[in-house]
Amino acid sequence: MTIAASATAAAARPTPQLYKSDYKPIWCPGCGDYSVLSSLTKALAKLERMPEDIVVVSGIGCSSRIPAYTTCYGFHGVHGRSLAAATGLKLARPELTVIVAGGDGDGYSIGGNHFLHACRRNVDLTYIVMDNHVYGMTKGQPSPTTEPDWDSKLSPGGTGLRAFHPLAIALAAGANFVARAYAGDPNGTADIIAEAVNNPGFSFVEILSQCVTFRPEQREWKTQVHPAPVASTDDPARAARRVMTDDGFNIGILYRGNRKPYAPRIGHGKRTTAELERGFTL
Ligand SMILES: Cc1ncc(C[n+]2csc(CCOP(=O)(O)OP(=O)(O)O)c2C)c(N)n1
Ligand code: SF4
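Residues numbered from 1 in each chain as written. Chains lettered and ligands numbered in written order. Predicted model: local features only at pLDDT ≥ 70, side-chain atom pairs only at ≥ 80, totals over all residues. Heavy atoms only, no water.

Participant: Report on the site of ligand 1, specifying residues and quantitative values.
Facilitator: Ligand 1 sits among 16 residues. The nearest are Cys62, Ser63, Gly105, Asp106 and Gly136. One of the backbone N or O atoms of cysteine 62 is found 2.8 Å from an oxygen atom in ligand 1. Measuring from an oxygen atom of ligand 1, one finds a backbone N or O atom of aspartate 106 at 2.7 Å. The fraction of the free accessible surface of ligand 1 (600 Å²) that becomes covered by protein chains is 73%. When its residues are assigned to classes, the shell around ligand 1 shows 6 nonpolar, 8 polar and 2 charged. (Near = heavy atom within 4 Å. Polar contact = N/O pair within 3.5 Å; in protein donor to acceptor, adjacent residues only side chain to side chain. Areas by Shrake-Rupley, 256 points an atom, 1.4 Å probe, with all protein chains shown as cover. Nonpolar A, V, L, I, M, F, W, Y, C, P; charged D, E, K, R; others polar.)

Participant: So, the side chain of serine 82: which residues are in play, and what are the values?
Facilitator: Its location among the elements puts serine 82 in helix α3 (residues 82-92). Accessibility expressed as a relative area gives 3% for serine 82, which makes it buried. (Helix = DSSP H or I, 4+ residues; strand = E, 2+ residues; numbered from the N terminus. Buried < 20%, exposed > 50% of the residue type's maximum accessible area, 1.4 Å probe, protein only.)

Participant: So what's going on with the packing of aromatic side chains? Which residues, and what values?
Facilitator: For the structure on display, the rule yields 9 aromatic pairs. Here tyrosine 108 and phenylalanine 115 contribute two aromatic rings whose centre-to-centre distance is 5.5 Å and whose plane-to-plane angle is 50 degrees, an arrangement assigned as tilted. Assigned by exposure class, tyrosine 108 and phenylalanine 115 land together as buried. Note on tyrosine 127 and phenylalanine 202: the rings are 6.2 Å apart at their centroids and 40 degrees apart in plane angle, and the pair reads as tilted. Remark: phenylalanine 202 occurs in the loop between α7 (186-198) and β6 (203-208) and tyrosine 127 occurs in strand β4 (residues 126-131); sequence separation between them is 75 residues. Both residues of the pair, tyrosine 127 and phenylalanine 202, belong to the buried class. Ring pairs connect the aromatic residues Tyr108, Phe115, Tyr127, Phe164, Phe202 and Phe204, which therefore count as one cluster. (Phe/Tyr/Trp six-rings, centres within 6.5 Å; stacked < 30°, edge-to-face > 60°.)

Participant: Got a sec to walk through the environment of alanine 263? Specific residues and values, please.
Facilitator: Looking at where alanine 263 falls in the secondary structure, it is placed in the loop between β8 (250-256) and α10 (273-279). For alanine 263, a relative accessible area of 52% translates into the label exposed. A C-alpha to C-alpha distance of 34 Å links alanine 263 and aspartate 185, two positions 78 residues apart in sequence.

Participant: Could you give me a rundown of helix α5 (residues 112-121), with the residues and numbers involved?
Facilitator: Within the sequence span of α5, burial applies to Gly112, Phe115, Ala118 and Cys119. Projection of α5 onto a plane perpendicular to its axis shows the buried side chains occupying an angular sector of 120 degrees, all on one side. For α5, the elements touching its buried residues are α3, α4 (104-110), β4, α6 (166-173) and β6. Looking one or two residues beyond α5, the residue adopting positive phi is asparagine 122, at roughly 60 degrees. (Arc of directions from axis to C-beta. Contact = heavy atoms within 4.5 Å.)

Participant: Kindly report on unusual backbone geometry, identifying the contributing residues and their values.
Facilitator: A positive phi angle is found at asparagine 122, which is not glycine, with a value near 60 degrees. Mapped onto the secondary structure, asparagine 122 falls in the loop between α5 and β4.

Participant: How would you sum up the pairing of β6? Please name residues and give values.
Facilitator: Most of β6 sits out of view: 6 of its 6 residues are buried. Note: β4 against β6, 6 bridges, orientation parallel. Considered in β6, the bridge of tyrosine 127 is made with phenylalanine 204. Across 6 bridges, strand β5 (residues 177-182) lies against β6 in parallel orientation. (Pairing = 2+ DSSP bridges.)

Participant: Give a description of the sheet that holds strand β3 (residues 97-103) that names residues and reports values.
Facilitator: In spatial order, the strands read β2-β1-β3-β4-β6-β5-β8-β7; together these 8 strands make up an open sheet with mixed pairing. Edge positions in the open sheet fall to β2 (73-76) and β7 (226-227), since each of these has one partner strand only. Judged from the 5 bridges that link them, β3 and β4 form a sheet pairing that is parallel. Bridge pairing links valine 100 to tyrosine 127 in β4.

Take a look at the structure:
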């Protein structure tokens, strides 16, 4: 390639800015979700997919506001139902890159059943959970990933309930890519998101994303996270052993599987809107 041609190619390459909308996020200053947004736009630039070929689907929560802050197509649905909407979308429009994003309350509590079956179905989606171990938007109730002894006004003395283990559950349910990231490491998180999108099937990325308002102690996560000491594996049993015995702060890709993504055997994806409409005519 000539110098002029390579300069033109470089100029045409998308930048993270291309994926940022004009809406200013209304998250609290210091919220981890700002960094996750920045990682997402970096990952999309790296993948060189155009905004019109990408859909960001979410539920309800502070983290679920993320589609509006991108220039991609967006779907801000109802609480806990993002994976159901995204599954239908991907099956109907397989050529689109579908990224699902939300919080631990949205995804593991009200949406928990959809999470299990999305892992099991293995449709080619990427699911990003901004996990702050609390319901941020509704002002600090414990979530499924809250530590049993977290003392707060709304849960005096803690809930005493064992915390949900998203990575172990994703593995057991059949997710084809499982990773943990940290909002305070935006470049590392961007790389993980890009890998997750490129991996066929259901990719799950759990991102520790601090809620500085209701869990200010999570600012300390920056001193606790560390890179996973071993490379990813394609053996789910080995991955499960690792994830059940780590300290919860290992960052990196844990598991890359070889399952074929689910694709409908009949040509649903090829039907036009008019044909679909006719199917619902009474
Ligand atoms: C059906 C339904 N139930 C409850 C709510 C109230 N609600 C809105 S957001 C939310 C929790 C959000 O927590 P999380 O998903 O962890 O996101 P965060 O705000 O922490 O990012 C709840 C319970 C709702 N909007 N709809
Ligand atoms: S309440 Fe928590 S999760 Fe919501 S924007 Fe503020 S810091 Fe972020």
